[in-house]
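Read off the chains here:
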Amino acid sequence: MRWRGERQSDNVEDLRGRSVSRGVKVGGISGLGLVALVVVGMFFGIDPTVLLQIGQDLQSPSVATEQSVRPDANDDMRNFVAVVLAETEDVWKDTFQHAGQAYQEPKLVLFSGAVESACGMAGSAVGPFYCPADHKVYLDLVFFEELHSRFGASGDFAQAYVIAHEVGHHVQTLLGITQKVTELQARSTTSDRNKLSVMVELQADCLAGMWAHQAEKKRRILEAGDIEEGLGAAAAVGDDRIQKRTRGYVVPDGFTHGSSTQRVAWFKRGFEQGNLQACNTFKADRL
Ligand SMILES: [Zn+2]
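**So, the state of the cysteines**
Counted by the stated rule, this structure contains two disulfides. Covalent S-S linkage joins C206 and C279, the inter-sulfur distance amounting to 2.1 Å. Torsion about the S-S bond of the C206 and C279 cystine: about -75 degrees, corresponding to left-handed handedness. Placement of the pair is C206 in helix α7 (residues 190-219) and C279 in the segment after α10 (260-273), with a sequence separation of 73 residues. Of the two residues, C206 and C279, neither departs from the other in class, the shared state being buried. Across the protein, the way the bonded cysteines pair up, counted in sequence order, is 1-2, 3-4.

And the structure:
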């Protein structure tokens, strides 16, 4: 991805190396079990109730966290994230403007270890997430290493896809979709709740694809192999692959984010068509 020298967003809040006020200890046996569960359920997604719960669990016997040394605030990764965020701001600002609406930019919080959001306390193990209550994307950069080492998805565009996906959740919140789905989920069975969650997640994948389409049109950000990197990342974080890795078998009813094939298909669809209508997973005949 071509990003060096491009505009960086002012909306990055760098909390790396800062300890969480209540002192979170992520670890211990119960902590690890919890973390594993959370990884299955929450990759890229956000279910505020789950997050709140984790927050509570993590808050028990509070031990001051040992935080890594604060990284150089101007390091390369931070700059990259700030450029990608800026690219999403430009694309979504235009798209909203065309629809006669104003785009409110989200903040992106970089943290290390654990972080307190308006949706509760979260450890790095939950993966990147978006909190609709404070309009912030939360990201621990170690996730990008994990994306590479555990999920085999590497390259800067794979990382850009992750950020664009989370910003997609912000767009869903601004459009009122998140709120509607949360209401619906409150009176649904577990299986229906999961289906709704899959629709939300695949839509965020599609919105990430749509962002790539628009950003490419505006600024030619893509280099050879970028889209493959994005598709590779989408496939790597499909529920079936994650379930197989963590449980050894696949339980489609337990999907909350969609299979690898679905995630790839919706990212592609957003990228090829480049408009919001293409991303209506709620009206799709087939997901
Ligand atoms: Zn998501």
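Okay, back to it.
**Considerations on the pairing of strand β4 (residues 120-123)**
Note: strand β3 (residues 114-117) against β4, four bridges, orientation antiparallel. Residue pairing across strands places E116 opposite M121, the latter belonging to β4. Between β3 and β4, which pair antiparallel and follow one another directly, the connecting turn spans two residues.

**Examining the layout of surface pockets**
Taken as a whole, the second largest pocket spans an internal volume of roughly 260 Å³. Along its surface, the second largest pocket is lined by L175, I177, K180, V181, L184, L196, Q203, L207, L276, C279, N280 and F282. For the lining of the second largest pocket, the secondary-structure elements that each account for two or more residues are α6 (177-186) and α7.

**Considering the nonpolar core**
Grouped together as the largest cluster of nonpolar side chains are 58 residues, with contacts concentrated most on M1, V81, W92, F144, L147, F157 and W211. At the level of elements, α3 (76-98), β2 (107-110), β6 (136-139), α4 (142-149), α5 (156-174), α7, α8 (226-236) and α10 are the ones that each hand at least two residues to this core. Element by element, the count of residues in this core is highest for α5, at ten residues. Sequence-distant contacts of W92, that is, excluding residues within four places in its chain, are made with Y103, V167, V171, L207, M210, W211 and L276.

**Side note on the pattern of salt bridges**
Tallying each qualifying case throughout the model produces 14 salt bridges. E13 is the salt-bridge partner of K136, the closest N and O atoms lying 3.3 Å from each other. Of this pair, K136 sits in strand β6 while E13 sits in strand β1 (residues 12-14), and the two are 123 residues apart along the sequence. Among the ionic pairs, D75 bridges to R16, the shortest N-O distance being 3.1 Å. Note that D75 is positioned in the loop between α2 (48-59) and α3 and R16 in the loop between β1 and α1 (28-42), a separation of 59 residues in sequence. The exposure class of R16 is buried, given its relative accessible area of 5%. Salt bridges linked by common partners bring E6, R7, E87, E89, D90 and R219 together as one network.

Reading guide: rules and limits
Residues numbered from 1 in each chain as written. Predicted model: local features only at pLDDT ≥ 70, side-chain atom pairs only at ≥ 80, totals over all residues. Heavy atoms only, no water. Disulfide = S-S within 2.5 Å. Helix = DSSP H or I, 4+ residues; strand = E, 2+ residues; numbered from the N terminus. Buried < 20%, exposed > 50% of the residue type's maximum accessible area, 1.4 Å probe, protein only. Pairing = 2+ DSSP bridges. 1 Å grid on protein atoms, 1.4 Å probe; cavity = no way out; pocket = protein on both sides within 12 Å on 5 of 7 lines; lining within 4 Å. Points joined across faces, edges and corners; volume = space filled by probe spheres on them. Core = buried A, V, L, I, M, F, W, Y, C linked by side-chain atoms within 4.5 Å. Contact = heavy atoms within 4.5 Å. Salt bridge = Lys/Arg side-chain N within 4 Å of Asp/Glu carboxyl O.

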